[in-house]
Amino acid sequence: MKMKDLKFWLKDFWTEYKKVKFGIVGFVFLIIFLLLMIFEPYIVPFSKASSRWRDITYWDDNPSGAPPVWTNWFSSKKSPESEKITKYQSEVIEGDLKFVNSTFEYDYKYDKAPLDIIFHGRGTGNMIMIVKMERPDGETFDLVQMPIQTDGGNDIRITLDKDSGAAAYDFAQKFENEENLQYVDKTSVKPLDIYFAQAKSDMLNKIEPLKGIYKFTVTTILLDQESSYEDPYMVVSGRVSGILGTDNSKRDIWSGVVAGVKWALLIGLLTAVIAVGIGVVYGVISAYYGGFVDSIMQRIFELFASTPLLPVLIVMSAVFKPSIWTMILMMCAFFWTGPVKTVRSMALQIKEETYIEASKAVGASNARLIFKHMVPILVPYSFASMALYVPSAIVYEATISLIGLGDATIVTWGQILHDALKGGAVLTGLWWWVVPPGIMIALMGMTFAFIGFAMDKILQPKLRTR
Amino acid sequence: MYWKYAAKRIFYGILMYIILIFIFSVLFNATNEATTKAQIEESLRGETTKMRNMDVQEVQKYMAERRAYKYHLYHLDQPIFQRIVWRTIDTITLNFGNSTNIKSAKGERDVWTIVSETIPRTILLFTTAMILELLLGVWLGLKKAQRAGGILDKSTSIATMVVYGMPRWWLGMIMIMFFAYQINIFPSGGLHTVPPPQGFAYFLDILYHMALPMLTLLIIDFWGTAYLTRNIVLGTLQEDFVMSARARGIPENKVLFGHTMRTSAPPIVTMALLSLLSSISGNILFEGIFSWPGMGNLYWIAIEQNDVPVLMGLLAITTALYIAGLVILDLIYGFLDPRIKVGGKA
């Protein structure tokens, strides 16, 4: 096929394709998926999600098992959202000791206290860190006071939940009545609940939120000239987090789901293209040579076709522990049988066309006849069947991942679902962990089903008229 | 003539099975032998721990003798080709050996006993689901074909495409989450309540436990059946004999069920059986979600416990069932469509 022919054919195809409504829907979805893939680093809050999905430290600041942010719209008691506050007022006091003050403002307007507040910064040398808090009611008190020794600009992480010790209890003690204090155990007090509660009697028992602007001041006392403290930021670990919430291991599901798009597309398209390519060429060769070659090739085809695909793939994955590339190859090794039968019967018809006879008479080689004259005619059909193979490849990969045999170096939707199943998401009702990856698999499947069926609808009358 | 065709097809199926098992034996030879050797070492250790009154050399000599004996027993002392052939023969004669961890309900460790326990449960679930699906699907397909292009036809066709790439096990997870934990009207899994009730109540109890997995299978599969039935029936409805039947004034229902269905039956039956086969092979993980103690669940357990013998046994049995299904499919097809029986002259 020449370039000009191809262009003409594409244009022709597009005018026909536009008429099929669900084909357009599929096309639009495909564009959306491609956009998600291209703009992945810009639309996810955790841009290294794909490479550090299993790195626990990367996700440490997130709440565990938090619902999506938009669940707040449907609940009367608003939960604080996870957010990262990078805006701060800096103040440096030089002297014998250097003081670096960074003040963060947090606008608290929710009905529940956040799970944790975390302060980050890059530090070098010896320092003492003090975290102060100023509440909207004017109360000011020290939360954390700790010496830190670090080198080489390591990340310093202070969490109010773990590091603030007895500060919360001491604060509550000032207001709480004697009776309650007797019953409440010092260690059972949740610090964050107290920090964001109205200061009054009975505050340990019945927590009422105090809304307004909270000021957190991180004071770093640098003990010598070489020491430094830079780039501070504050993370609020809320009770709701991100577009799709977080899982048990604190991972942001939206980031994971978007990171899965490229793998799903890769697995689906690569498997479909290779498998259908092999299948079409195999079918044509089988039909073209006929006779002895044909029957041998058909026996081999039947052997592959009578293998139960998924069990074999699962056992092979369990035994060989494949990477994603090997898995794609393994799938191709069985998927190619799909189009063979149809292609062979179509090729048997094409073989009898007069132009094939003519080229034969001119002295064209077998390879030329097969690849130049027969395979191109089947290209439209192969595109349609490729589109229909994409979903099955994705589902097979997801199924193998679900059982825990996936490639552990990447993030796929199947693996997220595997983690969800193992993490008891079904049992505990963490629907935001189970629903989105599955919806994505289903949507991706639907996209290609729409495209495939639309192509089928256009191409079938042209090809299968007898 | 039909018997000759049937015999040929069955023989061919058996041959296919033997070749496939041989290929599996080649592929998984290294793993299988490593497992067998580990099992032999384990049993040797078990034998020698009781021998307190022998010195080290005697024990080692005894172990070497026993090891040689066992290697001979399992054909491990032979060249690689013979080993693979022996493995193939063992597999075909259902002699899968012992599992490494998993035990059957009675505590046996023979792989065939473990696997054979689960087969009826898998078949029970998927056959029941298939029969229901077929009834609903064919009915809906006929309705769709009658008014092709109508609202019902279009909307259900879109539903077909929507569920096209939806994993059954995922829908299963959602169904459990909703029906078993949110509104709590179905059990979350298992075959029956513990302890199982007696008599007729036992039967009802199994049905109750089967309801949710079956509903899930139905929701995903019957659109596809309906869609294919529609296409097949629609093709037949355009045939001349249907037109002539209508012209003769035969009632529409009789045309539909008498004339059209008779011709459309072979491909519909093929499709239904193929979907059952793909259920058995394609949905094996589905059972794991519902803790339905069938073969799929056993796959899951075998992989989690890394029980290679059970996995191999399962693979052999699944392959056997799959090929048997394909053979039965061809036999039924040949029975329904007399043209097939002639055979060989295509």
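Scroll up for the structure.
Throughout this document, residue positions are counted from 1 along each chain, in the order its sequence is written. Naming scheme: in the order in which they are written, chains are lettered from A and ligands are numbered from 1. Where totals are concerned, whole chains, interfaces and linings use all residues; where local detail is concerned, this predicted model gives features only for residues with pLDDT of at least 70, and gives and counts side-chain atom pairs only at 80 or more. Side-chain metrics in this entry use all non-hydrogen atoms of the structure; hydrogen atoms and water are not considered.

**Some thoughts on the overall build of chain B**
Here is step 1 of the chain: Counting its secondary structure elements, chain B contains 14 helices and 0 strands.
Here is step 2 of the chain: Helix and strand definitions follow DSSP, with helices as H or I runs of at least four residues and strands as E runs of at least two, each counted in order from the N terminus. The helix and strand sequence of chain B, counted from the amino end, reads α-α-α-α-α-α-α-α-α-α-α-α-α-α.
Here is step 3 of the chain: Scaling as 2.2 N^0.38, a compact globule of 346 residues should have a C-alpha radius of gyration of about 20 Å, whereas chain B reaches 26 Å, well beyond that.
Here is step 4 of the chain: Principal-axis analysis of the C-alpha atoms places the extent of chain B at approximately 100 × 60 × 40 Å. Here the globule rule is a power law, 2.2 Å times the number of residues to the power 0.38, and the radius of gyration is based on C-alpha atoms.

**A word on the overall build of chain A**
Here is step 1 of the chain: If you tally the helices and strands in chain A, you get 17 helices and 7 strands.
Here is step 2 of the chain: Taking 2.2 N^0.38 as the reference for a compact globule, 466 residues should give roughly 23 Å; the C-alpha atoms of chain A span a radius of gyration of 31 Å, well beyond that estimate.
Here is step 3 of the chain: Each principal axis of the C-alpha distribution contributes one length, and for chain A these read about 105 × 50 × 45 Å.
Here is step 4 of the chain: By definition, residues are in contact when any of their heavy atoms lie within 4.5 Å. Sequence-distant contacts, at least 24 apart, represent 75% of the contacts inside chain A between residues at least 6 apart.
Here is step 5 of the chain: In these tables, accessible area is a Shrake-Rupley quantity obtained with a 1.4 Å probe, and a residue counts as shielded only by the protein chains included in the view. Accessible surface computed for chain A: about 21600 Å², of which carbon and sulfur atoms make up 59%.
Here is step 6 of the chain: In this tally Asp and Glu are treated as negative and Lys and Arg as positive; neither His nor the chain ends contributes. Note on charges: their place is set at NZ of Lys, CZ of Arg, CG of Asp or CD of Glu. Distance between charge centroids for chain A: 15 Å, based on 46 positive and 47 negative side chains.

**Examining the pairing of strand 6 (residues 212–222) of chain A**
Residue and element names in this part refer to chain A.
Here is step 1 of the chain: Only protein chains enter the accessibility calculation, which uses a 1.4 Å probe; a residue whose area is less than 20% of its type maximum is buried, one above 50% is exposed, and one in between is partly exposed. Counting buried residues in strand 6 gives 9 out of 11 residues, a clear majority hidden from the surface.
Here is step 2 of the chain: By this definition, two strands are paired if DSSP reports at least two bridges between them. One ladder, built from 11 bridges, connects strand 3 (residues 98–108) with strand 6; its direction is antiparallel. Note that in strand 6 the partner of Asp 107 across the bridge is Ile 213.
Here is step 3 of the chain: As paired elements, strand 4 (residues 116–134) and strand 6 share 8 bridges and run antiparallel to each other. Bridge pairing links Lys 132 to Thr 217 in strand 6.

**Here's the deal with the interface of chain A and chain B**
By a frequent convention, interface size equals the accessible area lost on bringing the separate parts together.
Here is step 1 of the chain: At the junction of the two partners, chain A supplies 45 residues and chain B supplies 41 residues.
Here is step 2 of the chain: Any Lys or Arg side-chain nitrogen located within 4 Å of an Asp or Glu carboxyl oxygen qualifies as a salt bridge. There are 1 salt bridge connecting chain A and chain B.
Here is step 3 of the chain: Contributions of two or more residues to the side of chain A that touches chain B are made by helix 9 (291–305), helix 10 (309–320), helix 14 (366–402), helix 15 (413–422), helix 16 (425–428) and helix 17 (431–463) of chain A.
Here is step 4 of the chain: Amino acids outside the nonpolar list (Ala, Val, Leu, Ile, Met, Phe, Trp, Tyr, Cys, Pro) and the charged list (Asp, Glu, Lys, Arg) are all regarded as polar, and Gly is one of them. Considering only residue class, the side of chain A that touches chain B consists of 36 nonpolar, 6 polar and 3 charged.

**Focus on the packing of helix 5 (residues 111–146) of chain B against helix 12 (residues 295–304) of chain B**
All names here are of chain B.
Here is step 1 of the chain: Simply put, an axis is a line fit to the C-alpha atoms, just over the touching stretch for a helix, and the angle between two N-to-C directions goes from 0 to 180 degrees. Taken N-terminus to C-terminus, the directions of helix 5 and helix 12 make an angle of 140 degrees; their axes are 8 Å apart at the nearest point. As summarised for this structure, helix 5 and helix 12 are arranged oblique, according to the angle between their axes. Note on element contacts: helix 12 touches helix 5 through Met 295, Gly 296 and Leu 298, opposite Ile 114, Val 115, Thr 118, Ile 119 and Thr 122.
Here is step 2 of the chain: Residues belonging to the contact of helix 5 with helix 12 are distributed by class as follows: 5 nonpolar, 3 polar and no charged. For classification purposes, an angle smaller than 35 degrees is called roughly parallel, one larger than 145 roughly antiparallel, one from 65 to 115 roughly perpendicular, and anything else oblique.

**Some thoughts on the pairing of strand 4 of chain A**
Residue and element names in this part refer to chain A.
Here is step 1 of the chain: In terms of strand pairing, strand 4 meets strand 7 (residues 228–237) through 8 bridges, oriented antiparallel. Its bridge partner lying in strand 7, Ile 117 is registered against Val 236.
Here is step 2 of the chain: Of the strand pairs in this sheet, strand 4 and strand 5 (residues 140–159) are connected by 16 bridges, and their pairing is antiparallel. When the bridges of strand 5 are listed, Gly 125 appears paired with Thr 150.

**Things to note about the pattern of salt bridges**
Residues and elements named next belong to chain A.
Here is step 1 of the chain: Throughout the structure, instances matching the rule amount to 22 salt bridges over all chains.
Here is step 2 of the chain: We note a salt bridge from Arg 251 to Asp 247, for which the minimum N-O separation is 3.0 Å. Each member of the pair, Arg 251 as well as Asp 247, is classed as buried.
Here is step 3 of the chain: One salt bridge connects Arg 251 with Asp 419, and the closest N-O pair in it is separated by 2.9 Å. Taken as a pair, Arg 251 in the loop between strand 7 and helix 8 (253–289) and Asp 419 in helix 15 lie far apart in primary sequence, 168 residues in all.
Here is step 4 of the chain: Because the salt bridges share partners, they merge into one network encompassing Asp 60, Asp 61, Arg 157 and Lys 250.

**Topic: a nonpolar patch on the surface**
All names here are of chain A.
Here is step 1 of the chain: Exposure above 30% relative accessible area and the absence of a salt bridge qualify a residue for a patch, where like charges join within 9 Å and nonpolar side chains (Val, Leu, Ile, Met, Phe, Trp, Tyr) within 5 Å. There is a patch of nonpolar side chains on the surface, built from Trp 14, Phe 27, Ile 31, Leu 34, Leu 35, Met 37, Ile 38, Phe 39, Tyr 42 and Ile 43 and spanning about 910 Å² of accessible area.
Here is step 2 of the chain: Every element with two or more residues in the nonpolar patch is listed here: helix 2 (21–38) and helix 3 (40–43).
Here is step 3 of the chain: Here the element with the most residues in the nonpolar patch is helix 2; it accounts for 6 residues.
Here is step 4 of the chain: As for its position among the elements, Ile 43 is in helix 3.
Here is step 5 of the chain: Residue Ile 43 is classed as partly exposed on the basis of its relative accessible area, which comes to 35%.

**Some words on the packing of aromatic side chains**
All names here are of chain A.
Here is step 1 of the chain: Only Phe, Tyr and Trp rings are paired, with Trp represented by its six-membered ring, and only when their centres lie within 6.5 Å; those with planes under 30 degrees apart are stacked, over 60 edge-to-face, the remainder tilted. For the structure on display, the rule yields 41 aromatic pairs over all chains.
Here is step 2 of the chain: Ring centres 6.4 Å apart and planes at 50 degrees place the aromatic pair Tyr 106 and Tyr 108 in the tilted group. Both residues of the pair, Tyr 106 and Tyr 108, belong to the buried class.
Here is step 3 of the chain: Ring plane angle 10 degrees and centroid distance 4.2 Å describe the contact between Phe 141 and Phe 171, whose orientation is recorded as stacked. A residue pair is termed long-range when its members are at least 10 positions apart, and Phe 141 in strand 5 and Phe 171 in helix 5 (residues 167–175) qualify at 30 residues.
Here is step 4 of the chain: Of the residues examined, Phe 171 reaches a relative accessible area of 2% and is grouped as buried.
Here is step 5 of the chain: An aromatic cluster of at least three residues, connected via ring pairs, comprises Tyr 106, Tyr 108, Tyr 110, Phe 196 and Tyr 214.
Here is step 6 of the chain: A cation over an aromatic ring shows up here: Lys 84 above the ring of Tyr 233, its NZ or CZ 4.6 Å from the ring centre. Placement of a positive charge over a ring is assigned whenever Lys NZ or Arg CZ falls within 6 Å of the ring centre and within 35 degrees of the normal to the ring plane.

**A short note on the environment of B:Gly249**
Residues and elements named next belong to chain B.
Here is step 1 of the chain: With respect to the secondary-structure elements, Gly 249 resides in the loop between helix 9 (240–247) and helix 10 (252–282).
Here is step 2 of the chain: Residue class for Gly 249 comes out exposed when judged on its relative accessible area of 54%.
Here is step 3 of the chain: Sequence separation of Gly 249 and Leu 76 is 173 residues, and the distance between their C-alpha atoms is 75 Å.

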